[in-house]
Amino acid sequence: VTRSERRRLEDEAARKWTGAYRSYDLVKEFCIAVGVALALAVVLTILFSSPDEKPSTIQQWSRSDPVDFVTTAVSELDSSSGTAGYGPPYNHNSDGQHMAFIHLQKWLGVSHPIDTAKDFVIAPLQAIPGQPALQGAISTYQSAPSKQQMAWTDAYTKALGNAKAGPGGAIIVTPGGSGPVPTMMSSLLSFAQGGGLDGALLTSKQFYQTDYTKPLLFMADGGLLSSRAQADHLLGNQWGMMNETGSFPGQTWLWLYTFWYQIKPFSTSANADILVMTVMGALSLALVLVPFIPGVRDIPRWIPLYKLIWRDYYRSAG
Amino acid sequence: VSVPAGEARRPRKSWTIAVRERALASWPPETLLADRQPSYVSSWIYVFGVLSIASLVVVIASGTVLSLKGPGWWHFTGIGHFFNSIHLWSVELFFFFMVIHLWGKYWMAAWRGRRSKVWITGAITFLVAIPCALTGYVSQQNFDAQWISTQAKDAMNSAGIGAFFNLTNFGQMYSYHVLLLPVAVVALVIAHVLLVRKHGVVPPFPLAGTTSKPGTAASQGGAGQGPTASPDRPGDGGGASAESSPPEPSREGSP
């Protein structure tokens, strides 16, 4: 279609309709549509209800899998966890993801600062009253050189590889050369199993609190959430972004978004998220600008499904 | 200068008058609440636009009930869970109808005739509805919310959005979900509908090999009558019969 032909077609499509009209009750149609939508929603509700799986807590996690909890806690203490090395917006321990020379994650900076050793382990332990041995262990750990701290946590992490859950929620481990770390972890485990750590990670400068960033990131570093998600086919490689717990439909409109994570280079890239966000951002912009994109705007003319939509009109027009 | 009793003097540059006259020029009452449509508006595909809006009404109504009782209510009462289920399924219906509506409009090339703004507002509504739903998922206060927030944060953080849009902050997400994003969606829908009313429904493509114009006698077989539309189809206005072209067609059918 030439430019002049396109302009002529535009003028024709914009011209006032001078053909026949049909009477039309807009308000009635809208009311009927609301009734239909409500009826469908009620029927679907009666037939299928909605999912509501109880949230996990750190207390529940530390009781059901104390070895995983303590292993995660040690990784927070020695800054080897996912959150510790995440970078912005939580810390400066890495630059985060980037695409070519664009480092949006780094450029936007640390807006929710988290020091995993201090926030997830040391500070909660320091808040436990009446335990001089524990406070002594914390002092020993904090006053030791970082090289010594790392030697202790490495030794304890290695020992945890052979640890087992013992009676009463304790763990059975042989911590050779771990210094004060076993004392600290034993107290943190008891504190968590009593529910104290859930509250301690929410505590801030004010009484009211709605920010669950710290407890969620701590739990996400462990294995509890991911094991539950795997059972509910919610992992990324299970197209989890568009799934829902149980057999309920989830955010199915995210199918294209989650599709990219299933294929290379996205599935194997360390910068997968920013790459997928960029692709989806470009596609979203293209969706908005469809009327102006040559080729894309012409497909409906090339593949005349419109003849089906307006078949009455064309039949009448001969 | 004195003015007759009962009449106020109209200022030359009244913003109020300018807005009113502009609005009435674009949306005269018979266009805003049209009681007739061009005869080609005769297909089931037309019903999905109004069904999308109808589902949005149910979404907002059920969400309002949930908001009245607070975010924790639906977890421990049967009636609360019922309204949560209504909310969930109406959201699913909203997206389902909206996607069909969008595809239908694509295959009609409904942006033709200088209707690109209609398409753009519709597409942006779809895109804004996605974070509106996402913030609802992470506000559920259950395992779903925990998992989705801890996974989706990586995409937000990678693009720098996480610096000011923290999916693991329940309070922030709840505010976005019950106020900011719904207001944006509703505003976009209102703009979209107003543009549809202003520009009218896009006419059919001209038949191949003809240069006839929609709505002209030539394009309708020279009879001067509209095509025979099925009276029982949605979008037909409840089954009324077609009528011939009036001498001065009103704007609701004008592109």
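Residues numbered from 1 in each chain as written. Chains lettered and ligands numbered in written order. Predicted model: local features only at pLDDT ≥ 70, side-chain atom pairs only at ≥ 80, totals over all residues. Heavy atoms only, no water.

A. Molecular detail of the overall build of chain B. In terms of helices and strands, chain B carries eight helices and two strands. The linear arrangement of helices and strands in chain B, starting from the amino end, is α-α-β-α-α-α-α-α-α-β. For chain B, the proportion of contacts with a sequence separation of at least 24, taken over those separated by at least 6, is 73%. (Helix = DSSP H or I, 4+ residues; strand = E, 2+ residues; numbered from the N terminus. Contact = heavy atoms within 4.5 Å.)

B. Main features of the layout of surface pockets. Roughly 1100 Å³ of internal volume is contained in the second largest pocket. Counting residues per element, the ones that place at least two in the lining of the second largest pocket are α2 (26–48) of chain A together with α3 (47–69), α5 (78–107), α6 (116–137) and α8 (170–199) of chain B. The element contributing the most residues to the lining of the second largest pocket is α8 of chain B, with eight residues. Classifying every residue of the lining of the second largest pocket gives 28 nonpolar, nine polar and four charged. (1 Å grid on protein atoms, 1.4 Å probe; cavity = no way out; pocket = protein on both sides within 12 Å on 5 of 7 lines; lining within 4 Å. Points joined across faces, edges and corners; volume = space filled by probe spheres on them. Nonpolar A, V, L, I, M, F, W, Y, C, P; charged D, E, K, R; others polar.)

C. How the structure looks around the interface of chain A and chain B. Taken together, the contact between chain A and chain B spans 101 residues of the former and 124 residues of the latter. Interface area, chain A with chain B, both sides summed: about 9900 Å², of which 65% is carbon and sulfur. Viewed at the interface, chain B and chain A are joined by one salt bridge. Between Asp11 of chain A and Arg114 of chain B there is a salt bridge; the shortest N-O distance is 2.3 Å. Taken together, the links from chain A to chain B amount to 35 residue pairs in polar contact (both at pLDDT 80 or more). Considered class by class, the residues forming the side of chain A that touches chain B number 60 nonpolar, 20 polar and 21 charged. The pairing of strand β1 (residues 21–23) of chain A with strand β1 (residues 36–38) of chain B spans three bridges and is antiparallel. Within the sheet, the bridge partner assigned to Ser23 of chain A lies in β1 of chain B and is Arg36 of chain B. (Buried area = accessible area lost by both parts, 1.4 Å probe. Salt bridge = Lys/Arg side-chain N within 4 Å of Asp/Glu carboxyl O. Polar contact = N/O pair within 3.5 Å; in protein donor to acceptor, adjacent residues only side chain to side chain. Pairing = 2+ DSSP bridges.)

D. Representation of the confidence of the model for chain B within the structure. Mean pLDDT over chain B: 83, with 77% of residues reaching 70 or higher. Of the regions scoring below 50 in pLDDT, residues 216–255 of chain B engages in 125 contacts with residues more than four places distant in sequence or in other chains. (pLDDT = per-residue confidence, 0-100.)

E. Broad picture of the side chain of Asn271 of chain A. All names here are of chain A. Position of Asn271 relative to the elements: it lies in the loop between α13 (255–260) and α14 (272–288). Here the side chain of Asn271 touches His98 through a polar contact of 3.1 Å, landing on its backbone nitrogen. With residues up to four places along the chain from it excluded, the contact list for Asn271 reads Gly96, Gln97 and His98.

F. Representation of unusual backbone geometry in the model. All names here are of chain A. Look at the link from Pro88 to Pro89: it is a cis peptide, with omega at 5°. Inspection of the secondary structure puts Pro89 in the loop between α4 (66–77) and α5 (104–107). With an omega dihedral of 5°, the bond running from Lys264 to Pro265 counts as a cis peptide bond. Looking at where Pro265 falls in the secondary structure, it is placed in the loop between α13 and α14. With a phi close to 60°, Ser79 is a non-glycine residue in the positive phi region. Mapped onto the elements, Ser79 comes out in the loop between α4 and α5. With phi around 45°, His233 is a residue other than glycine that occupies positive phi space. Mapped onto the secondary structure, His233 falls in the loop between α12 (224–231) and α13.

G. A look at the packing of α4 of chain A against helix α6 (residues 116–126) of chain A. All names here are of chain A. Running from N to C, α4 and α6 point in directions that differ by 130°, and their axes come no closer than 8 Å. The angle between α4 and α6 places the two elements in the oblique class. Touching Ala73, Glu76 and Leu77 of α4 are Thr116, Ala117, Phe120, Val121 and Ile122, all from α6. Residue classes in the contact of α4 with α6 are distributed as six nonpolar, one polar and one charged. (Axes fitted to C-alpha atoms, helices over the stretch in contact; angles between N-to-C directions. Parallel < 35°, antiparallel > 145°, perpendicular 65-115°, else oblique.)

H. Up close: the packing of aromatic side chains. Applying the stated criterion across every chain yields a total of 33 aromatic pairs over all chains. Judged by centre distance (5.5 Å) and plane angle (75°), the ring pair of Trp61 of chain A and Phe218 of chain A falls under edge-to-face. One end of the pair, Trp61 of chain A, is in helix α3 (residues 58–64); the other, Phe218 of chain A, is in helix α11 (residues 213–221), with 157 residues separating them in the sequence. You'll find Trp61 of chain A and Phe218 of chain A in the same group, each marked buried. Measuring from ring centre to ring centre gives 6.0 Å for Trp103 of chain B and Tyr106 of chain B, while their planes differ by 85°; the resulting arrangement is edge-to-face. (Phe/Tyr/Trp six-rings, centres within 6.5 Å; stacked < 30°, edge-to-face > 60°. Buried < 20%, exposed > 50% of the residue type's maximum accessible area, 1.4 Å probe, protein only.)

I. Broad picture of the environment of Gln59 of chain A. Along the polypeptide, Gln59 of chain A turns up in helix α3. Not counting residues within four places of it along the chain, the set of residues in contact with Gln59 of chain A comprises Ala192, Gln193, Gly194, Gly195 and Asp198 of chain A.

J. Fine view of α8 of chain B. Residue and element names in this part refer to chain B. For α8, spanning 30 residues, the distance from its first C-alpha to its last is 42 Å, which sits close to the expected 44 Å at 1.5 Å a residue. Along its length, α8 shows its largest kink, about 45°, at Tyr176. Sitting at the amino-terminal end of α8 is Asn169, which places a side-chain oxygen 3.2 Å from the backbone nitrogen of Gly171. Two residues or fewer past α8, Gly200 is found with a positive phi of approximately 80°. (Expected span 1.5 Å × (residues − 1). Bend = angle between axes of the 7 residues up to and from the residue.)

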